[in-house]
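Residue-level structural notes
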Amino acid sequence: MGLAAVLAACSTGPGGAVQKPARAGNPPLVADSPDCAVTGRLIPSCGAWWGIAPEIFTGLDVVEAVASAERRMAAPADIVHVYHRGKELFPNEKEIRLARDPEHPRLLLINWKPSLTHTWAEVAGGAVDDRIDRLADHLRRTFPERFFLTIHHEPENDVGSAAGSGMRAKDYAAMFRHVVLRLRHKGVKNAVTVMTYMGAPNWAVKPWFEELYPGDDVVDWVAMDPYADHRVQDFGSLVNKTRADFDEWPGFYRWMQWRFPGKPVMIAEWGVFERPDDPAFKRAFFESVRHQIRRYPQIKAMVYFDSPHAPRGDTRFDTAETAGKAFTELARDPHFRATRVPRP
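Everything quoted here is computed from the prediction, not taken from an experiment.

Looking at the overall build of the chain
In terms of regular secondary structure, the chain is built from 11 helices and nine strands. At 20 Å, the chain has a C-alpha radius of gyration in line with the 20 Å of a compact globule built from 344 residues. When the 344 residues of the chain are sorted by exposure, 56% land in the buried category. Here the chain displays about 14300 Å² of accessible surface, and carbon together with sulfur accounts for 53% of that area. When the 45 basic and 44 acidic side-chain charges of the chain are each reduced to a single mean position, those positions are 2 Å apart.

Quick notes on the environment of Leu-108
With respect to the helices and strands, the residue Leu-108 is situated in strand β3 (residues 107-113). The buried category is assigned to Leu-108, whose relative accessible area is 1%. Separated by 58 residues in sequence, Leu-108 and Trp-50 have C-alpha atoms that sit 12 Å apart. Here Leu-108 is in contact with Val-80, Pro-91, Glu-95, Ala-99, Phe-143, Phe-147 and Phe-148, once residues within four sequence places are set aside.

Looking at helix α6 (residues 169-185)
The α-helix winds at 3.6 residues per turn, so residues separated by three or four positions along the chain end up facing the same way. Counted at 1.5 Å a residue, the expected span for α6 with its 17 residues is 24 Å, and the 24 Å between its end C-alpha atoms agrees. When α6 is considered as a whole, its buried residues turn out to be Ala-169, Asp-171, Tyr-172, Ala-173, Met-175, Phe-176, Val-179, Val-180 and Leu-183. Against the buried residues of α6 lie β3, α4 (120-124), α5 (129-142), β4 (147-151) and β5 (191-197). Note on α6: the residue one or two positions beyond its end, Gly-187, has a positive phi of about 100°.

What to know about the state of the cysteines
Summed over the entire model, instances satisfying the criterion amount to one disulfide. Each sulfur of the disulfide joining Cys-36 and Cys-46 lies 2.1 Å from the other. Between Cys-36 and Cys-46 the disulfide shows an S-S torsion of about -95°. By sign, it is left-handed. Note that Cys-36 is positioned in the loop between α1 (3-10) and β1 (49-53) and Cys-46 in the loop between α1 and β1, a separation of 10 residues in sequence.

Some remarks on the side chain of Asp-318
Following the sequence through the fold, Asp-318 ends up in the loop between β9 (299-305) and α11 (321-331). Among the polar contacts made by the side chain of Asp-318, one reaches the side chain of Arg-72 at a distance of 2.8 Å.

Digging into the pairing of β3
As a general feature of sheets, a regular strand has side chains that alternate between the two faces. Most of β3 is tucked away, with seven of its seven residues classed as buried. Note that β3 and β4 share four bridges and pair parallel. Across the sheet, the residue bridging to Ile-110 is Leu-149, located in β4.

Considerations on the pairing of β4
Of all five residues in β4, five are buried; the element is thus mostly enclosed. In β4, alternate side chains face the same way, and those of Phe-147, Leu-149 and Ile-151 on one face and Phe-148 and Thr-150 on the other are all buried. Here β4 pairs with β5 via four bridges, running parallel. Note that in β5 the partner of Thr-150 across the bridge is Val-194.

Describing the confidence of the model for the chain
A low pLDDT score tells you not to read the predicted coordinates there in detail. Per-chain confidence: the chain averages 91 in pLDDT, with 90% of residues scoring 70 or above. Between residues 1-24, whose pLDDT stays under 50, and residues either more than four places distant or in other chains, the model counts 51 contacts.

Some points on the environment of Ala-200
Within the fold, Ala-200 resides in the loop between β5 and α7 (201-204). Residues Ala-200 and Asp-333, spaced 133 residues apart in sequence, show a C-alpha to C-alpha distance of 28 Å.

Thresholds, definitions, all that
- Residues numbered from 1 in each chain as written.
- Predicted model: local features only at pLDDT ≥ 70, side-chain atom pairs only at ≥ 80, totals over all residues.
- Heavy atoms only, no water.
- Helix = DSSP H or I, 4+ residues; strand = E, 2+ residues; numbered from the N terminus.
- Rg over C-alpha atoms; globule rule 2.2 N^0.38 Å.
- Buried < 20%, exposed > 50% of the residue type's maximum accessible area, 1.4 Å probe, protein only.
- Areas by Shrake-Rupley, 256 points an atom, 1.4 Å probe, with all protein chains shown as cover.
- Lys, Arg positive; Asp, Glu negative; His and termini not counted.
- Charge placed at Lys NZ, Arg CZ, Asp CG, Glu CD.
- Contact = heavy atoms within 4.5 Å.
- Expected span 1.5 Å × (residues − 1).
- Disulfide = S-S within 2.5 Å.
- Polar contact = N/O pair within 3.5 Å; in protein donor to acceptor, adjacent residues only side chain to side chain.
- Pairing = 2+ DSSP bridges.
- pLDDT = per-residue confidence, 0-100.

Spelled out as C-alpha cells, the structure:
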C-alpha cells in the first residue's frame, strides 16, 4: 500500500470584544471522573486538555490575561501557553502563580526560542550552553512541577536550505536534541517536550520536511498550529488541511496518526479569523469542534490563540455574542472536563 493510501486509511474524521461577566444559564461543568488519570507525560486518560494563549498582543500581563479569558469563556483553562526568548528564565513568578493556583491549578505550555542571534547549528554546537545551564539551575530551584516545553516552534518557515546556512532542517533537529539532552543532563526531569509544526500543507511537502524531526527519545508530544483561513470550513478541514496543488499531502492529523501512532497530538495554537462576508462563521466553526472532536482521539490537548492582533487577523473568540456563547459551550464540554489537572 502506498503512503497516501496508508495515511488516508488512518483518517477518523472528515475533512472589539467587550469583556463580560460569565454568561447566565451556562451548562454545568462536568466533574472529573475518579477513573481518569494523568500519565508522567501529562497525557489525560479521558478526553483532552483545554488551553489558551490569552489576550495576546493586548499588553495585559499573564495573570490578568488568564483571568480575563477565563471570565469571558466562563471556564477555567487546563493549559496556559506562554512565550519566552533568549536569556529569559522561565517560568517566571506570575506563571508559577498560575500553575499553583489552589482553586484551579494549570499546566504551563512554555514556548522557548533559545536564541534569536545564533543559527540552529550554532546552538547545537554549544553556543548558548551557558544559557541552557542557567535555565536548568533556575528550573531545579524554583519549579519541580511537570510542564510542557516546545523549542523554537513552527520551524518550517525559518529553514534555509543552502549548505552552510546553519538553518537547514537537520540543523533544527540537532538544535532541539541538544537543548533537550543538555537540560536533562543538568537535572531537568520535569519538562514534557513538544515538537510543534505549523500545520500547513505547503511546508509539509518540502523535500526536507521529514528531516525536522528530532527523534522519539527527545519528543514526548507532537503538535500543530493550524488556523481557520478561507480554505477551512470546519474542524475536520482545520486539522487535516489539504490543497489541490499539493495533492500528495493527506492532512496533518492523518500524517501524525501514521508517523507517530504512539504519541499524543496537541493543537498548540489554533484560531478562527473574522470573515466579513460571513459573520456567523466563528459560531459555526466552534460548534463544529464540539461536534467533531471525538472523531480525533489522538488529539489530547487544544490550546486556543486569543488575540485581536494575530498576524493574519482577529482571533478573539467572542467578537460576536453568538460566537462567544458557542465557544463557552465548547470550553465546558465534558470532553474537556473529564480529567483533573494534577495539583502541584
